[in-house]
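# Close look at the chain arrangement
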Amino acid sequence: MARYGAETYAEALGLDLARNTPMPLFFWLVAANLFSARIGAEQALQAAQALKKAGLTTAERMAEASWTERVRILNRNGYARFDEKTSTFLKDMADRCLEAYGGDLRKLREAAGRDPAAERRLLKEFKGIGDVGADIFFREAQLAWDELYPFADARALEAGRRLGLGANAAELAAHVERRAFPALLSALVRADLDKALDEIAAA
């Protein structure tokens, strides 16, 4: 965390997920879609930042934007190979969020009875969200959704195991205060993406 910072990916986007309000939750699901594609994390972050700068942060605004507008934003911000498909996914996601949950993912949580397995199943009904996307969403949404804590995705768990920090989410979580846990996971993911785990382990 000293090397890679104590900032989560959601915080890098200016999202306060702990508030548990509709805009941060919806836009974090958008970001989870972007991060789960076969593309670099920094490119995905750049694309998400550009969508946010354009104001496409709520289900309503994402649905109102034209397909061409979304494609142009994605294409100009590191998403050239995936721009058209992703633009369609984002429209479908916004439409589903509006139709099923009135644009508020807290209603998905309630529909799932605050059960993580049911929440995962409902999240995967959004086009472009599979298990990896759901993992990314859970990794930081656990700040607001108590039933998820402690949650660690497979990539962060493997990085933590290689660094001798624990073999499961509970063991990883024991190293930091609860609010800092997503930041620890983000640092582990960044270290893995940077191929720095062996160096850190040696140090």
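A brief report on the enclosed structure follows. Computed from a prediction, not measured in an experiment: that's the story for all the values here. (Residues numbered from 1 in each chain as written. Predicted model: local features only at pLDDT ≥ 70, side-chain atom pairs only at ≥ 80, totals over all residues. Heavy atoms only, no water.)

### Examining helix α10 (residues 154-162)
Note the following rule: The rule is simple: take the accessible area with a 1.4 Å probe, protein chains only, and divide by the maximum for that residue type; under 20% is buried, over 50% is exposed, in between is partly exposed. A run of H or I in DSSP counts as a helix once it spans at least four residues, and a run of E counts as a strand once it spans at least two, with each numbered from the N terminus. Starting at the helix axis, one direction is taken to each C-beta atom, and the arc is that of these directions. For this analysis, residues touch if any pair of their heavy atoms sits within 4.5 Å.
Every buried residue belonging to α10 is among Ala156, Ala159 and Gly160, and all of these are buried. Around the axis of α10, the buried residues are gathered within 100° of arc, so they sit on the same side. For α10, the elements touching its buried residues are α11 (169-173), α12 (181-193) and α13 (197-202).

### Remarks on the pattern of salt bridges
Opposite charge on two side chains permits them to pair, given that their charged atoms come into close proximity. Counted only if it meets this: When a carboxyl oxygen of Asp or Glu is within 4 Å of a side-chain nitrogen of Lys or Arg, the pair counts as a salt bridge.
All told, the structure shown has 17 salt bridges when counted by the stated rule. Linking Glu125 and Arg96 is a salt bridge whose minimum nitrogen-to-oxygen distance equals 2.5 Å. Taken together, the residues Glu125 in the loop between α8 (116-123) and α9 (131-141) and Arg96 in helix α6 (residues 83-101) connect sequence positions 29 residues apart. Residue classification places Glu125 among the partly exposed residues on the basis of a relative accessible area of 36%. The exposure class assigned to Arg96 is partly exposed, which follows from its relative accessible area of 29%. When the shortest N-O distance is used, the salt bridge between Arg162 and Asp198 registers 2.9 Å. Here Asp198 lies in helix α13 and Arg162 lies in helix α10, a separation of 36 residues in the sequence. A residue is classified by how much of its surface remains accessible, and Arg162, at 37% relative accessible area, is partly exposed. Connected through shared salt-bridge partners, Arg120, Lys124, Asp131 and Asp135 make up one network.

### Section: the side chain of Asn33
Mapped onto the elements, Asn33 comes out in helix α2 (residues 22-35). By relative accessible area, Asn33 is classed as buried at 4%.

### Quick notes on the nonpolar core
The condition that has to hold: By nonpolar core is meant a set of buried Ala, Val, Leu, Ile, Met, Phe, Trp, Tyr and Cys residues that side-chain atoms within 4.5 Å join together.
Among the nonpolar cores identified, the biggest contains 71 residues, and Trp28, Phe35, Leu51, Phe126 and Phe137 are the most heavily contacted of them. In terms of residue count, the dominant contributor to this core is α2 (10 residues). Apart from residues lying up to four places away in sequence, Leu51 is in contact with Phe27, Val30, Leu34, Leu56, Ile73, Leu74 and Leu90.

### Examining unusual backbone geometry
The amide bond that connects Tyr149 to the next residue, Pro150, takes the cis arrangement and shows omega of -5°. Relative to the helices and strands, Pro150 is located in the loop between α9 and α10. Residues other than glycine seldom take positive phi values, yet Arg114 does so here, at roughly 55°. The topology assignment puts Arg114 in the loop between α7 (106-111) and α8.

### A look at the packing of α2 against α6
The cut-off we apply is this: In this analysis an axis means a line fitted to C-alpha atoms, helices contributing only their contacting stretch, and an angle means the value between N-to-C directions, from 0 to 180 degrees. Small angles under 35 degrees read as roughly parallel and large ones over 145 as roughly antiparallel, with 65 to 115 read as roughly perpendicular and the rest as oblique. In this scheme the handedness of a crossing depends on how the near helix is turned from the far one: anticlockwise by less than a right angle means left-handed, clockwise means right-handed.
It is at 11 Å that the axes of α2 and α6 come closest, and there the two elements cross at 150°. As judged from the angle between their axes, α2 and α6 are roughly antiparallel. When the axes of α2 and α6 are compared, the crossing they make is right-handed. Here Phe26, Leu29, Val30, Asn33 and Leu34 of α2 lie close against α6, whose contacting residues are Thr86, Phe89, Leu90, Met93, Ala94 and Cys97.

### Topic: the packing of aromatic side chains
As a reminder of what qualifies: Two rings from Phe, Tyr or Trp (for Trp, the six-membered ring) form a pair when their centres are within 6.5 Å of each other. A pair whose planes differ by under 30 degrees is stacked, one over 60 is edge-to-face, and the rest are tilted. In this analysis the charged atom, NZ for Lys or CZ for Arg, is taken to sit over a ring once it is within 6 Å of the ring centre and within 35 degrees of the ring normal.
Counted according to the given criterion, the structure contains 6 aromatic pairs. Note on Trp28 and Phe35: the rings are 6.2 Å apart at their centroids and 50° apart in plane angle, and the pair reads as tilted. Here the aromatic cluster, defined as three or more aromatic residues joined through ring pairs, consists of Tyr9, Trp28 and Phe35. Its guanidinium or amino end placed over the ring of Tyr149, Arg178 lies 4.4 Å from that ring's centre, counting from NZ or CZ. Cation over ring: Arg190 sits above Tyr9, and NZ or CZ is 4.1 Å from the ring centre.

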